[in-house]
Each structure stands twice: as structure tokens, then as C-alpha cells.
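What follows is each chain in one-letter form.
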Amino acid sequence: MRNEPGCMDLRQWIDMLEREGELHRITAPVSWDREIGTVSRKVLEKKGPALLFQNIKGYERSRGQRVFTGGIGTRDRLALALGFPKGTSNREIVQHVMKKNQERIPPVRVETGPVKENIVTGDAIDLLEFPVPKWHYLEGGRYINTYACIVTKDPETGVQNVGIYRGMVGRKNSIPSLLISGGQHWGQHFTKYAHLKQKMPVACVIGWDPIMGFLAGSPLPAGVSEFDVLGAYRGAPVPVVRCETVDLEVPASAEIVIEGLIDPDPSAYEIEGPFAEFTGYVSDLPTPRPTIEVTCITHRNDPILRGTQEGNMPNSYSENAVISSAQRAGIAWNILNSSGVPGVLDVYADPITCGINIYIKIRKTYQAQPKQIAAALWGASAGQGRYKHVFVFEEDIDVTSYEQMDWAIAYRVNAGHGGIVIFPGLLGHALDPSTPLEERDVNQLGAGIWNRVLVDATRNWTFERRPEWNNERFPPTVQPAPDDEALVISRWKEYGFD
Ligand SMILES: Cc1cc2nc3c(=O)[nH]c(=O)nc-3n(C[C@H](O)[C@H](O)[C@H](O)COP(=O)(O)O)c2cc1C
Ligand SMILES: [Mn+2]
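Residues numbered from 1 in each chain as written. Chains lettered and ligands numbered in written order. Predicted model: local features only at pLDDT ≥ 70, side-chain atom pairs only at ≥ 80, totals over all residues. Heavy atoms only, no water.

Caption draft 1: Here's a closer look at the overall build of the protein. Looking only at helices and strands, the protein features 12 helices and 25 strands. Computed over the C-alpha atoms, the radius of gyration of the protein is 24 Å, within 12% of the 23 Å expected from 2.2 N^0.38 for a compact globule of 498 residues. With the C-alpha coordinates aligned to their principal axes, the bounding extent of the protein is approximately 85 × 60 × 40 Å. Buried residues in the protein amount to 53% of all 498 residues. In the protein, 72% of the contacts between residues at least 6 apart in sequence involve partners at least 24 apart. Accessible area of the protein: about 21600 Å², with a carbon and sulfur share of 53%. (Helix = DSSP H or I, 4+ residues; strand = E, 2+ residues; numbered from the N terminus. Rg over C-alpha atoms; globule rule 2.2 N^0.38 Å. Buried < 20%, exposed > 50% of the residue type's maximum accessible area, 1.4 Å probe, protein only. Contact = heavy atoms within 4.5 Å. Areas by Shrake-Rupley, 256 points an atom, 1.4 Å probe, with all protein chains shown as cover.)

Caption draft 2: View of helix α1 (residues 10–19). Considered for burial, the residues of α1 that qualify are Leu10, Trp13, Ile14, Met16 and Leu17. All buried residues of α1 lie within an arc of 160° about the axis, which places them on one face of the element. Next to the buried residues of α1 lie β1 (23–26), β2 (50–53), β3 (66–69), α3 (75–81), α6 (210–216) and β20 (304–306). Near the N-terminus of α1, the side chain that reaches the backbone nitrogen of Arg11, with its oxygen 3.1 Å away, is that of Asp9. Trailing α1 by a residue or two, Gly21 shows a phi angle of about 70°, which is positive. (Arc of directions from axis to C-beta. Polar contact = N/O pair within 3.5 Å; in protein donor to acceptor, adjacent residues only side chain to side chain.)

Caption draft 3: Region of interest: the pairing of strand β11 (residues 200–206). A large share of β11 lies buried, amounting to seven of its seven residues. Pairing between β11 and strand β14 (residues 256–262): seven bridges, direction antiparallel. What sits directly across from Val202, in β14, is Gly260. (Pairing = 2+ DSSP bridges.)

Caption draft 4: Representation of the domain arrangement of the protein within the structure. Domain assignment breaks the protein into domain 1 (97–306) and domain 2 (319–456). The centre of domain 1, based on its C-alpha atoms, is set 30 Å off from the matching centre of domain 2. Taken together, the contact between domain 1 and domain 2 spans 17 residues of the former and 18 residues of the latter. Carbon and sulfur atoms supply 64% of the area that domain 1 and domain 2 bury against each other, a total of about 1500 Å² over both sides. Summed over the shared surface of domain 1 and domain 2, the number is one salt bridge. The shortest N-O distance in the salt bridge between Arg306 and Glu319 comes to 2.7 Å. Across the domain 1-domain 2 interface, the total number found is four residue pairs in polar contact (both at pLDDT 80 or more). Take the side of domain 1 that touches domain 2: its biggest share by element is three residues, from α6. Its residues placed into classes, the side of domain 1 that touches domain 2 shows nine nonpolar, six polar and two charged. (Domains from an automatic or database assignment. Buried area = accessible area lost by both parts, 1.4 Å probe. Salt bridge = Lys/Arg side-chain N within 4 Å of Asp/Glu carboxyl O. Nonpolar A, V, L, I, M, F, W, Y, C, P; charged D, E, K, R; others polar.)

Caption draft 5: Geometry of the coordination of the manganese ion (ligand 2). Here the manganese ion (ligand 2) is held by the protein donor atoms Asn161 (OD1), His185 (ND1) and Glu226 (OE), which lie 2.1 to 2.2 Å from it. Ordering the donors of the manganese ion (ligand 2) by residue number gives the pattern N-x23-H-x40-E. A residue pair is termed long-range when its members are at least 10 positions apart, and His185 in helix α5 (residues 185–195) and Glu226 in helix α7 (residues 226–234) qualify at 41 residues. In this pair, the class of His185 matches that of Glu226, namely buried. (Donors = N, O, S within 2.8 Å, 3.2 Å for Na, K, Ca; no water.)

Caption draft 6: Fine view of a nonpolar patch on the surface. A cluster of nonpolar side chains, Leu487, Val488, Trp492, Tyr495 and Phe497, forms an exposed patch at the surface whose accessible area comes to about 470 Å². Mapped onto the elements, Phe497 comes out in the segment after α12 (482–490). (Patch = residues over 30% accessible without salt bridge, like charges linked within 9 Å, V, L, I, M, F, W, Y side chains within 5 Å.)

Caption draft 7: Layout of the pattern of salt bridges. In total, this model carries 33 salt bridges according to the counting rule given. In this structure, the salt-bridge partner of Lys100 is Glu103, at a minimum N-O distance of 3.1 Å. When the shortest N-O distance is used, the salt bridge between Arg109 and Glu249 registers 2.7 Å. Of the two residues, Arg109 is situated in strand β4 (residues 108–109) and Glu249 in strand β13 (residues 249–251); the sequence distance between them amounts to 140 residues. The class for Arg109 is partly exposed, based on a relative accessible area of 46%. Salt bridges sharing common partners tie together Asp9, Arg11, Glu255 and Arg300.

Caption draft 8: How the structure looks around the packing of helix α4 (residues 90–100) against helix α8 (residues 319–338). For the pair α4 and α8, the least separation of the axes is 8 Å and the interaxial angle reads 65°. Overall, the two elements α4 and α8 adopt an arrangement that is roughly perpendicular. Two packed elements cross with a definite hand, and for α4 against α8 that hand is right-handed. Facing Arg91, Ile93, Val94, Gln95, Val97 and Met98 of α4, the residues of α8 in contact are Ala326, Gln327, Ala329, Gly330, Trp333, Asn334 and Asn337. Tallied by class, residues from the contact of α4 with α8 come to seven nonpolar, five polar and one charged. (Axes fitted to C-alpha atoms, helices over the stretch in contact; angles between N-to-C directions. Parallel < 35°, antiparallel > 145°, perpendicular 65-115°, else oblique. Left-handed = near helix turned anticlockwise from the far one by under 90°.)

Have a look at this one:
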């Protein structure tokens, strides 16, 4: 059963995690300089709790003293954030995401809220009054925008977008940011402002309802406001207030909001990077990038800086991975539904690869069904940076179990008979380090290139049914007969087992 909690601010979310035994408070003094990042990496390795650092060295009397991270570090905490109990199945969560992504409840404007308890402007602005971590030793600086949900407005339609895009502290009032002009929605807005020869207004929302980042961190269709979808997830409109210096709206009980302008003139760019990327590799040389000049900071009393350690490793996947794996599975399943592919029973993206590899369970009704699935995913623009490797299984295989999938890949895939298909030269992700640099030269090619692979681990329908196999195309498995199994289970204790 799912409960409808309504919108939650960060403090309510932290309280909920604490009640569920999913929060750890660190009261020992900790340094912002790599220590917070390393602690959070070690806790990710253990699939441990969310962390509230309450005592950051040198910040005892500063504007901000606390850092919160790891809120959605596991699938169980994602379930909690969505209003489900822990242990909810992949299928149930993904189907909820598919439905809610398509619903809308617009926000409601309120006069004021806790985010206006403190308003900082002009020379008083100093981003390093907040305990901004340097997360990783190879990173180029202190990243303040890691889980910041950045609001921008389409200058033509007036629709607001909310997206997560990284940004580093440059000067005391500047945030050079990874702004990709092509696919990302703030990048599309930026191109329009540049055309108008105007600076783009932005508002970075740091710390609010966990589902805001869940929606801002994965692609909804262009032109859809993530605030409207967030309202639908919560069954209640998002209460928003107007910003002080830009014509944008932000949640009224956010912890910290950084308002600013991005100048499209490249001479205003500042250096950003390197950064520990979602792929688990550190990439990008220090590069001049579009930069937020901060015009105002508003924040709650005793604000909590919400941040996250980026980068997936096999033994320690990031929050981004947990979030985007559920979203990317839902997006894939919606693509398959809208393409008319029948018989899809489950779609799983493991956090480790967050949908770069995608596992699909079907009820097979025709031989070409897995090929149709791959073609649909590869043809959709929402699949641009995901679904590089598509694996298709039948209904007897649990696609959340690597053991089961491994067995099916071993004994149902025949590469010489259509079991493996490579489609070269499709849209790809420019950050994938397995792609040669020249094939991810976005300036030259417009987008990265991938050689995509389908692994069809369903039983081959070109095989004839055989009488000695009970008229099936494959032999029977070694599973005991149901009657034999029932007898043995009923006598289990008599054999001396527990
Ligand atoms: C924690 C986290 C960090 C992210 N960092 C970046 C980033 O630095 N740059 C980027 O372009 N996308 C980043 N993303 C992915 C975008 O948020 C995602 O593509 C999203 O769809 C952007 O919103 P939009 O579709 O409204 O543009 C990040 C996602 C998460 C969850
Ligand atoms: Mn968007």
C-alpha cells in the first residue's frame, strides 16, 4: 500500500528517514576537504544510511553548518521517498513512475515561506559561507551544485523547467556550470536567451522534497514543468514563492536558493572541472563554461546544504544511479507501450549502470519481438544516452536477478542465430569512456555515437517443437515434478532438516 504524504521539505524527509532507521548523524568534526566525500563513498559501499554531517570544521559560526547527503542512496529509500514501504518490487515502483510522469498538478503561489528567513544580496554574497564539500581529490574545486534543482524559464513559452546540473564554486559569487546546449532543457533555454542577447535567469534550489531531484535528474519531455509533475506525484500542488532578483518561482520551504544570471558571452565563462562523473570515471579537463553570477541567496535559518557524491562504481553506486535507474526503466517501458510492443512484464535498470544496460521481461508471442523492442528503444530520443545494451528475457526469468539472467544468457543465446545483434553508429553518450574520443566529438558529430547491442535471451522460435520435449522448442528443465516436490517438502523434517 502506498500512502500520499503530500509535499515534504528536507527536514520532514530527514525526520522520516530517522524514524525508518535510515539516517546517521555525524557529530564528530569533519573537514569539507575530501573527508565528507570519502565518508559518503564508504557508506555507499556498504549501502548504508543517509548522512547528516552536523559539525563541519571551520563552519561552527558560519551561515551554514550542516551537510546532508545520501537521501536516496538505496532502492528502499527511493521507495520511502515515493510513499511506498521498503522492499517494494521494481515492477510496482516502475509502473508508478510511468503513470505519475504523465500526470500534472500545477504549483500554487504563496506570499512567503521559510526560504525567505534570510536574504543575502550584493557584496555580502559569499558561497563559501556554506560548508561546500570538495567531494573527490581529483575534482577541480568545491561543488556546491550536485543535487541542486535548477529552475529556468523558456523565454518564448514562459514554462519553467527544473533540472539537476553540476556547478562548482568559482569566485565567492560565481558558479561555473556544465551547461550542455543540445539535449538538456536549460541548455535549450540558454540558446534562446543567447539569441535574444539576454542573460539567462536561474534559481538553484538546494534541499527540498526528495522527489524534486528524482524528477529534475531524469528527462521528462521538453516543455513539461517538473513542478507540475511533482505536484502529481504528491497529489498536492507545490507551494512556490517568487525569487527576489529573477522572475522565477521556487519551493517556499527550500533550504537554500541561489539566484543568478548566466551570460551567454563566452568571455564571461569561468573554469570548471574536472569532475567525478556518473560513469565512475573522472573526466573533463578544466574547461571554460557558462557561469552563474549570483545575484541573491535566500535561505532558512540554520540551513542544510543538500549535496551528493556522484559516480557509480560496482560496489558503491550513487544516488543519481538509484534515481535514474527507476526513471530510465519507466521511460523505457513507456516507449515500448507507445510503440505498441505487446507482452512487456517488467523492465529493470540496475543502479550500477542506471539504464545503460536495460533488462526486459516479456511474454514472447512472436520471434521478432525482442528485435522490435531494441528498435523501439534505440529509435526514441529519450533513449539517446541510455539502453546501449538491451537484454530481453522470457517470463520465467526474474530480471532483477543476475543469477537467473546469467543462466538464460548462457543457455538461450546463440550469437550466430540472431541472439546478439549489433547496430552501429546510433546516438550515444558523449561521456562513455568506451567510445573513442573522435566518436564522441559533439562539435563534429552533434552528439555521441554508440554501437548498440541486443542480447536476445528468449527461446528461439525457429526451433521446431519436439514430442520428446513435451511439444516445446526447448527440453524440459531439471526442476523436479510438482508432485515429487510437494511430497518431499511435506516430509522435510523427517529427513532431519530444519
Ligand atoms: C545527482 C545528479 C547529477 C547530475 N549532473 C548533471 C550534470 O552535471 N550535467 C548534466 O547535463 N546533467 C546532469 N544530470 C542529469 C540531468 O539532471 C538529467 O539529464 C535531466 O534530465 C536534466 O533535466 P532536463 O531534462 O529538464 O534538462 C545529473 C543528474 C543527477 C540526478
Ligand atoms: Mn525538463
